[in-house]
Number of protein chains: 2
Amino acid sequence: MKMLMTLIAISSAALSFTANAQFAKPEDAVKYRKASFTLVGAHFGRLGAMAQGRIPFDAQAAAANADIVANMAKLPWAAFGEGTDQGETKAKSEIWSQASKFKEISDKFQSESVKLAAAAKTGREDAFKAAFNATAGTCKSCHDDFRSK
Amino acid sequence: MKMLMTLIAISSAALSFTANAQFAKPEDAVKYRKASFTLVGAHFGRLGAMAQGRIPFDAQAAAANADIVANMAKLPWAAFGEGTDQGETKAKSEIWSQASKFKEISDKFQSESVKLAAAAKTGREDAFKAAFNATAGTCKSCHDDFRSK
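None of the values given here were measured: they were computed from a predicted structure. (Residues numbered from 1 in each chain as written. Chains lettered and ligands numbered in written order. Predicted model: local features only at pLDDT ≥ 70, side-chain atom pairs only at ≥ 80, totals over all residues. Heavy atoms only, no water.)

1. Quick look at the environment of Ala120(B)
All names here are of chain B. Note that Ala 120 resides in helix 5 (residues 99–122). Sequence-wise, Ala 120 and Ala 63 are 57 residues apart; in three dimensions their C-alpha atoms are separated by 4.8 Å. In this structure Ala 120 touches Ala 59, Ala 62, Ala 63, Ala 66 and Phe 128, once residues within four positions along its chain are discounted. (Helix = DSSP H or I, 4+ residues; strand = E, 2+ residues; numbered from the N terminus. Contact = heavy atoms within 4.5 Å.)

2. Let's talk about the packing of helix 2 (residues 26–51) of chain A against helix 6 (residues 125–146) of chain A
Residues and elements named next belong to chain A. Remark: helix 2 packs on helix 6, axes separated minimally by 10 Å, with the N-to-C direction vectors making an angle of 130°. Classified by the angle between their axes, helix 2 and helix 6 sit oblique to one another. The hand of the helix 2/helix 6 crossing is left-handed. Counting all contacts with helix 2, which are made through Phe 44, Leu 47, Gly 48, Met 50 and Ala 51, the residues of helix 6 involved are Phe 128, Lys 129, Phe 132, Thr 135, Ala 136 and Cys 139. Taken together, the residues of the contact of helix 2 with helix 6 sort by class into eight nonpolar, two polar and one charged. (Axes fitted to C-alpha atoms, helices over the stretch in contact; angles between N-to-C directions. Parallel < 35°, antiparallel > 145°, perpendicular 65-115°, else oblique. Left-handed = near helix turned anticlockwise from the far one by under 90°. Nonpolar A, V, L, I, M, F, W, Y, C, P; charged D, E, K, R; others polar.)

3. A closer look at helix 2 of chain A
Over its 26 residues, helix 2 of chain A runs 36 Å from end to end, which matches the ideal 38 Å to within 8%, given 1.5 Å per residue. With its phi angle positive at about 75°, Gly53(A) sits one or two positions after the end of helix 2 of chain A. (Expected span 1.5 Å × (residues − 1).)

By themselves, these are just geometric observations and shouldn't be taken as functional.
See below:
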């Protein structure tokens, strides 16, 4: 059955990783999504330091970090499948009970992070800051509603 | 001093993340590199299932997973800076005492993973398998020499 689900998962959606069947065990999925958020956080933090003026704006560094965030932003959502509400996780039950709201906000984060990467590439600090703030807003909304303190 | 190092790190190397000064604390760097290897492992594992015939070869899925591996393969090396040989890590001291060998093998992993992503895109299973095996060989070499059991 797991084999069948893996086959379905891989053949049906190469780019939209939607199936937790990609993970042998729920704890593998939890570890995976936490890893992806760790990387998002590290690179987003570097962008934040620029957006908030703690370090000078550097267009090349901003673009490089924003590209990583935009790539990474696609990854965690496949890892919120069945059985992954347990264990070492801050995921709230609302992720599953309000699944469409969770999807909407995670989609918004992804689209804003793509815009952020594009804004960083313009080299215009004001565009970068505006896009950073829009993206950060999606992080905050999701954390407020779907992540335990 | 940390601020100065951060400035130097960010302004000097946008794409080659070489400085551990990007991390506020050594343990942040350790967490970051472990997260990147977790993601590499998850996606490489999916490629391995195809390369080893446990699931059928799917060119689109292979290309998607290999792209993620190739992107992720750039990340962990900046996180092996000073002070990161401590704590919750399997990193062997040889990483620092044989730094040029470690760099050579990590560069090789990165270049092989780029070739793997290209091979996956050809849709040719034999090319994909050969490139997978070449990449897997770099993983193994590095783990043999530089990672504790």
